[in-house]
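Each chain is listed here by its residues.
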Amino acid sequence: MSDKLILSPNLDNADGFFDALARAHDGLEKSTSDALNARLIFLLANHIGDDEVLTEALKAAQTSGHNR
Amino acid sequence: MSKIFDVPLYAYEHSPDQDEGMPARHPVVIIGAGPVGLATAIDLAQQGIKTVILDDNDRVSFGSRAICFAKRPLEILDRLGCGEAMVKRGVQWDTGKVFFDTRQVYEFSLTEEEGHKNPAFINLQQYTFEQVLVERIREMQAEGAPIEIRGRNKVEAIGQHDTHVTLEVETPEGSYTIEAEWLVACDGANSPTRRMLGLDFDGQVFEDNFLIADVVMKADFPSERWFWFDPPFNRGQSALLHKQPDNVWRIDLQLGRDIDKEREKRPENVVPRLKAMLGDDAEFDLEWVSIYTFQCCRMERFRHGRTLFAGDSAHQVSPFGARGANSGLQDADNIAWKLKLVLEGNAPDTLMDSYNIERVYGAEENILNSTRSTEFITPKSEMSRILRDAVLDLSAHHAFAQPLVNSGRLSVPCTYDGSMLNSADALAAPDLTRPGSPCPDAPLGDDHLLNKLGNSFVLLTIDADAPDSFEEDGVTATRLALSARDDPSLTLKRQYLGDATSGIYLIRPDQHVAARRESFDEPHFRAALRRATGKE
Ligand SMILES: Cc1cc2nc3c(=O)[nH]c(=O)nc-3n(C[C@H](O)[C@H](O)[C@H](O)COP(=O)(O)OP(=O)(O)OC[C@H]3O[C@@H](n4cnc5c(N)ncnc54)[C@H](O)[C@@H]3O)c2cc1C
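Small disclaimer: the values here were computed from a predicted structure and weren't measured. (Residues numbered from 1 in each chain as written. Chains lettered and ligands numbered in written order. Predicted model: local features only at pLDDT ≥ 70, side-chain atom pairs only at ≥ 80, totals over all residues. Heavy atoms only, no water.)

A. Quick look at the overall build of chain B. Scanning chain B from N- to C-terminus turns up 13 helices and 26 strands. Relative to its length of 536 residues, chain B is compact, with a C-alpha radius of gyration of 24 Å against a globular reference of 24 Å. Dimensions of chain B, computed from C-alpha atoms along their principal axes, come out at roughly 70 × 65 × 40 Å. Here the contacts in chain B between residues at least 6 apart in sequence split such that 72% fall between residues at least 24 apart. In the form shown here, chain B has an accessible surface area of approximately 20,900 Å², with 46% of it arising from carbon and sulfur atoms. Each charge sign in chain B was given a centre, from 58 positive and 85 negative side chains, and these centres are 2 Å apart. (Helix = DSSP H or I, 4+ residues; strand = E, 2+ residues; numbered from the N terminus. Rg over C-alpha atoms; globule rule 2.2 N^0.38 Å. Contact = heavy atoms within 4.5 Å. Areas by Shrake-Rupley, 256 points an atom, 1.4 Å probe, with all protein chains shown as cover. Lys, Arg positive; Asp, Glu negative; His and termini not counted. Charge placed at Lys NZ, Arg CZ, Asp CG, Glu CD.)

B. How the structure looks around the side chain of Glu 56 of chain A. All names here are of chain A. Residue placement: Glu 56 occurs in helix 3 (residues 51-63). Here Glu 56 sits buried without a salt bridge, and the closest side chain of opposite charge, Lys 4, lies 7.2 Å off (N-O distance). Of note is the side chain of Glu 56, whose polar atom sits 3.1 Å from the backbone nitrogen of Leu 5. (Buried < 20%, exposed > 50% of the residue type's maximum accessible area, 1.4 Å probe, protein only. Salt bridge = Lys/Arg side-chain N within 4 Å of Asp/Glu carboxyl O. Polar contact = N/O pair within 3.5 Å; in protein donor to acceptor, adjacent residues only side chain to side chain.)

C. Looking closely at the nonpolar core. All names here are of chain B. Counting residues in hydrophobic clusters, the biggest one holds 75 residues, and the most contacted among them are Leu 77, Met 86, Leu 339, Phe 457 and Leu 506. Broken down by element, this core gets its largest block of residues, 9 residues, from helix 8 (residues 324-343). Summarising the domain contributions, this core has at least three residues from each of domain 1 (2-92 + 119-201 + 298-366) and domain 2 (431-532). Core analysis: the second largest hydrophobic core is formed by 33 residues, Trp 93, Tyr 106, Phe 229 and Leu 410 among them. (Core = buried A, V, L, I, M, F, W, Y, C linked by side-chain atoms within 4.5 Å. Domains from an automatic or database assignment.)

D. Structural context of the side chain of Thr 415 of chain B. Note on placement: Thr 415 of chain B falls in the loop between helix 10 (382-397) and strand 20 (443-444). Setting aside chain neighbours within four positions, we find Thr 415 of chain B in contact with Tyr 361, Arg 434, Pro 435, Gly 436, Ser 437 and Pro 438 of chain B.

E. Molecular detail of the interface of chain B and chain A. Contacts between the two partners involve 9 residues from chain B, matched on the other side by 7 residues from chain A. Both faces combined, the contact of chain B with chain A buries some 780 Å², and carbon together with sulfur accounts for 85% of it. When the buried surface of chain B facing chain A is broken down by residue, Ile 386, Leu 394 and Phe 400 of chain B rank first, second and third, together holding 53% of it. Our count for the chain B to chain A interface comes out at 0 salt bridges. Inspection of the chain B/chain A interface yields 0 residue pairs in polar contact (both at pLDDT 80 or more). Residues that form the side of chain B that touches chain A fall into these classes: 7 nonpolar, 1 polar and 1 charged. (Buried area = accessible area lost by both parts, 1.4 Å probe. Nonpolar A, V, L, I, M, F, W, Y, C, P; charged D, E, K, R; others polar.)

F. Focus on unusual backbone geometry. Residues and elements named next belong to chain B. Backbone geometry places Asp 101, a non-glycine residue, at a positive phi of 60 degrees. Tracing the backbone through its elements, the reader meets Asp 101 in the loop between strand 5 (95-100) and strand 6 (103-109). When its relative accessible area of 30% is taken as the criterion, Asp 101 is described as partly exposed. Despite not being glycine, Leu 490 has its phi angle at roughly 70 degrees, a positive value. Along the chain, the position of Leu 490 falls in the loop between strand 24 (475-482) and helix 12 (491-496).

G. Region of interest: the pairing of strand 9 (residues 154-160) of chain B. Residues and elements named next belong to chain B. Sheet topology note: the strand 9/strand 10 (residues 165-171) ladder contains 6 bridges and is antiparallel. Note that in strand 10 the partner of Gly 159 across the bridge is Thr 166. Between strand 9 and strand 10, which pair antiparallel one after the other, the connecting turn spans 4 residues. (Pairing = 2+ DSSP bridges.)

Okay, here's the thing in structure tokens:
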């Protein structure tokens, strides 16, 4: 697996982004929240564009879950 | 009113084959007079190969089936002598609109390529399409072409041998046996041939039901393809409206999974659904209503000994993308010239393996595309619906999301990349015309390039020298000498030369590129011709 996906800290404003993301969901119905997340994923994915990065990101998401 | 699908087009007639003591042997027998069987027969007979079609019925296809025919099949039909008749009878369209809930989110246009003779798509009822093919056969018969179509001849049993295939055929006057050096099974998605030979047909079955209705109405909707996701008149489901000739409109309504098909098909249930879509005062007559579920399946191999499978018998797709009949015609296009060479002893029978390789490749592409469309249209899980709806919402606001909307990826021709018949690319010219590609059309004065290519091997030279023809082991390639200047629109140059100053293309009888190079290097082109005929 190549390593195009940045996995070291890279956010300009980590706490700020987390906060903004969480707040965007405040008071939303589950279905509205899910839709919001989905739109966000596509916006970010399009910005990235590179299929290798996206594939790696998908894999990283799949393998970094908390298995109970 | 007597409709075309009620009239016998090839009524049963007694054949002398039924009298003989010894079974008659034919070079090619085709089972099935659907679009693919008819086209294969025309192609073969037009090239002088005696062909018999057997069909268990005696008339065109019943009911709502194919309506959209793409440019490549129209080009193939031009070669078969009936493309213009199809275009004349069809409705042209080039705009598609996508609606989500109550609003339009996206509009696309199928750009007409400048200088191509045929439109990107026409809509035509499958029964008219088949009727035009049968008319073409009648015309060829009148000119003495060796083609025969036997109605109410049902194939009941098949025996495979090394040198031929034996067929047991049931007719109103009892059964008889005939033999074929080659059998082409174009007997549809439920192919009895496949079953009789015990062959598999695997893939994915989709659970959603679709009501497919053809209605006759005078309406002023434009001839565009309108596709709805989750519209108010069919909540949670999809819908499609598309125009056909003679004021017939195709309507697809997704009905969901567990439904009572018989009940849903009754006019008292269909009419209110259609009124909800078309408006209360819409006046229409139901021409045909069917309920379908769809599947994307294929055989593992399309050649089994001397039996070749083509069309839906070999591969079946969901209709989103109109890839069924359109790809079946490309099967026909691929089979005919190869069979001719093999039957006439000018190519080894292993050439037919390349049919399998090339068309399996095409089928995989079609299955991949129609499976993805079907999954977008009928999301399998809650999350895939959420993702789908996110794309639709975004597409109304941002152009980036529009290519993600998938209401059917419309049929485009297959490029046979990696085929054993291709020679390595030896010209720095556009990818569009690399070996394996179907030749794109170009205007040449009052005529078009594809019209000039015809049915046999061509050596297309553009601003390059070459002999008028050359023969290699019984196969001749004839030169078509052009100059980039012959096409002031520069389509020819743009497609076939790009930055190159000259180019020579070896083009197969099905108008796919076999090899290309800057100048005539005789050993190179001899080897390419051998390779393209399965001899290397
Ligand atoms: C709702 C719907 C919409 C579609 N829309 C499109 C579209 O827009 N564009 C497109 O390209 N495709 C479309 N298709 C697909 C298209 O209809 C098929 O791909 C096409 O009909 C396949 O042609 P075929 O000749 O392979 O088989 P068929 O048309 O199925 O013909 C098979 C023939 O074999 C005969 N036969 C069967 N068994 C025997 C036997 N034992 N002996 C003798 N004869 C036999 C049958 O009578 C029949 O005539 C659509 C299909 C559906 C259902």
